[in-house]
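Each chain, letter by letter, is given below.
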Amino acid sequence: MGSCLPKLVLPMEWSIYTTPVERSQDQFDNLEKHTQWGIDILEKYIKFVKERTEIEISYAKQLRNLSKKYQPKKNSKEEEEYKYTSCKAFISTLNEMNDYAGQHEVISENMTSHITVELTRYVQELKQERKSHFHDGRKAQQHIETCWKQLESSKRRFERDCKEADRAQQYFEKMDADINVTKADVEKARQQAQLRHQMAEDSKADYSSTLQKFNHEQHEHYYTHIPSIFQKIQEMEEKRIVRIGESMKTYAEVDRQVIPIIGKCLDGIAKAAESIDQKNDSQLVIEAYKSGFEPPGDIEFEDYTQPMKRTISETSLSNSKGDSKTELKFASKSKGKLWPFIKKNKLSLKLGAGPEDFSHLPPEQRRKKLQQKVDELNKEIQKETDQRDAITKMKDVYIKNPQMGDPGSLDHKLIEVGQNIEKLRLEVQKFEAWLTEVEGRLPVRGDQARRQSGMYEAQTTPSVNNCAQDRESSPDGSYTEEQSQENELKMMATDFDDEFDDEEPLPTIGTCKALYTFEGQNEGTISIAEGEILYVIEEDKGDGWTRIRRNEDEEGYVPTSYVEVYLDKNAKDS
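The sections below set out a description of the structure shown in this document. (Residues numbered from 1 in each chain as written. Predicted model: local features only at pLDDT ≥ 70, side-chain atom pairs only at ≥ 80, totals over all residues. Heavy atoms only, no water.)

### Topic: the environment of Lys 174
Thinking step 1. Secondary-structure assignment places Lys 174 in helix α3 (residues 85-177).
Thinking step 2. Taking C-alpha positions, Lys 174 is 9.3 Å from Ala 189, a pair spaced 15 residues apart along the chain. (Helix = DSSP H or I, 4+ residues; strand = E, 2+ residues; numbered from the N terminus.)

### Quick notes on the pattern of salt bridges
Thinking step 1. If you walk through the whole model with that rule in mind, you get 23 salt bridges.
Thinking step 2. Between Glu 164 and Arg 167 there is a salt bridge, with the nearest N and O atoms lying 2.1 Å from each other. Residue Glu 164 and its partner Arg 167 are both found in helix α3; the two are separated by 3 residues, about one turn of the helix.
Thinking step 3. The class for Glu 164 is partly exposed, based on a relative accessible area of 24%.
Thinking step 4. Linking Arg 550 and Glu 554 is a salt bridge whose minimum nitrogen-to-oxygen distance equals 2.9 Å.
Thinking step 5. Classification of Arg 550 by relative accessible area gives buried; the value is 3%.
Thinking step 6. The buried category is assigned to Glu 554, whose relative accessible area is 12%.
Thinking step 7. Beyond isolated ion pairs, a larger network of salt bridges with shared partners links Glu 538, Arg 547, Arg 549 and Glu 555. (Salt bridge = Lys/Arg side-chain N within 4 Å of Asp/Glu carboxyl O. Buried < 20%, exposed > 50% of the residue type's maximum accessible area, 1.4 Å probe, protein only.)

### Here's the deal with the pairing of strand β1 (residues 510-514)
Thinking step 1. Most of β1 is tucked away: 5 of the 5 residues are buried.
Thinking step 2. Here β1 shows a buried face lined by Gly 510, Cys 512 and Ala 514 and a second buried face lined by Thr 511 and Lys 513.
Thinking step 3. Here 5 bridges tie β1 to strand β5 (residues 563-567), and the two strands are oriented antiparallel to one another. In the strand pairing of β5, Cys 512 is matched with Val 565. (Pairing = 2+ DSSP bridges.)

### Observations regarding the packing of aromatic side chains
Thinking step 1. Applying the stated criterion across every chain yields a total of 11 aromatic pairs.
Thinking step 2. Between the aromatic rings of Trp 148 and Phe 214, the centroid separation amounts to 5.3 Å while the plane-to-plane angle is 55°, which identifies the pairing as tilted. Of this pair, Trp 148 sits in helix α3 while Phe 214 sits in helix α4 (residues 183-274), and the two are 66 residues apart along the sequence.
Thinking step 3. Look at Trp 148 and you get partly exposed, because its relative accessible area is 25%.
Thinking step 4. Site record: aromatic cluster; members linked through ring pairs are Tyr 516, Phe 518, Trp 545 and Tyr 562. (Phe/Tyr/Trp six-rings, centres within 6.5 Å; stacked < 30°, edge-to-face > 60°.)

Here it is, written out as C-alpha cells:
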C-alpha cells in the first residue's frame, strides 16, 4: 500500500529545494541563513560608509582648523607682513585648503544622503519582505505536513482495518469449518467478518480520497507554492545584490564628482605659488626700511705723527641755519647744567616714548609714519561724519514723527560729534604740516636744516607748547621766535640754571669722529655733521647712545653707531 505514493519530478533549477517533506524544512533553514547573511553584508557596508563619512567630516574639520590657525590676525603686526607676494600666496593656499576641506564635507554629505540613508531604509524594507516570504514558506510547509499526517493516519487506519478484516475472515472460515461450533456462532462470525470487510472498504475509500487530495496538495506545494516563494526569495536576494553594487558605484561617483573642484583648489595653490615675485618682495623691503640718509663719504686719513689739535667745529651744521644756533644755545645753557633733565629724556628714549611728530625716526620712516597717522585720522573723521549724518537723519525722522522720539535729545550728541570732528581735523592739519615739511626736505640730500620739535614739547606750560607749535608750523624746518616766547624760554632756562648751579661739567674721556650726519631733534640729543671731531664725556652704557661735547656749552647724546670713538688710554685703564 505504501507504494501508492507518486514520484514527483520538478524543474532542474529547483531540484535543490524539492526533497521529501521531512527534508524540505532543512532547505528553508539554509535559505533563511543565507538571506540573513546577505542582510548582514549590507549592514556591514552601511557601517563602512558611515565610518568613511565620519572620517571625511573629521578631516574637513581638521583642515579648516589648520587653515584658521595660520590665518593672520586682524589689526596685528602679522597682518602687515602679508603684503609680500610669498605671504599672499600662503594666504591663498590657506583659503584653497579651506575650500578643499569643504569638498570633503560634500563627500560626507552625499555619501550620507545617497548611500547610508537610502541603504538603511532599504534594509528595513528588505527585512520585512524577507520575513513575509519565509512566513509564507513556513505556512505552506505546515500545510503540506498536515496533509501528510492526514494521509499517514488514513493509511494506517486502512491498513489496520484490512488486517482486522483478514482476521475476521479467517476466524469465520475456521468457525464455519468446525462441526462442533453452533450455527449461531458461525453466523455471528460471518457477520463480524462482513462488518470488518465493510470497514476495510470504507477505510480504503477514505485512504484513496485522502491520497488523491494529498497528491494534489503535494503537486501544488512543489510545483506552485514553493517555487513561487523561492522565486520571490531569489528576486529579493538578487535585488539586494544589485542594490549593493549600485551603492558601490555611487560611492565612487561621489568621490569622482568633487575631483574637478579639488583640482581647481590645487590649481589655485599652484597659481598662487607662480604669482610669487621675489623682485617685488625685495622692493617692498627696501621701501619699508630705507632711511633716506645720504651714504657716508670717504674716511679721511688721520696723521698721528703730529700732535692732535683740538678741533672745534662751530659751523659744522652750516652757517645758513642761524635759527638752529638758537636751539643749540638754549640746549647748552649754563654749561650743561640742564643735563639732569636731559638724562630724564634719555630714559624716555630707552623706554620707546618717541615724540609725537616721529622726529626720532629716519626721514623716510618718519614720512611713512606721518602718512599712516594722517590716514588713520581721516578714517576717524569719516567714521564721525557718518555717525553725524546718521544722527541727523534720525533727528529728521523724529521731527516728522514726534511719537518716535524727541528731536532735542539728539542735539547734545550732534554737538559732541561735531567737536570730535573739529579736533580730528586740527590733528590732521598738524600732521599734514609735519608731513609737508618732511616731503619738502627728503629730495635734498645732505640738507643740514633741522626742525626744533622735541626740546620743550614734553613740558605742560601753555606758553612752551605754543612756542613748539609756532616752530613746527614752518614748512622748511626753521623757525623764528617772537620776543615774548624767547623771554619765556629764557625764564625757563634760568629756573633750570638756579636748580643746577652747583653741577660741574663732566671730564673728557676721549674723542670721536662723526661717521654720518645726525640731526639731534629730540630733547637731550645734539646734532653732528659727517667728519666732525668731538669729545666723548660718557661712553655707551649698552643702550646705543654716547654722550659727547662740542665745546663747553654744547653737549648731548648721539647714536653710538654714528661715531667712531677713540678713548684716552687713562680712561680705558680706569
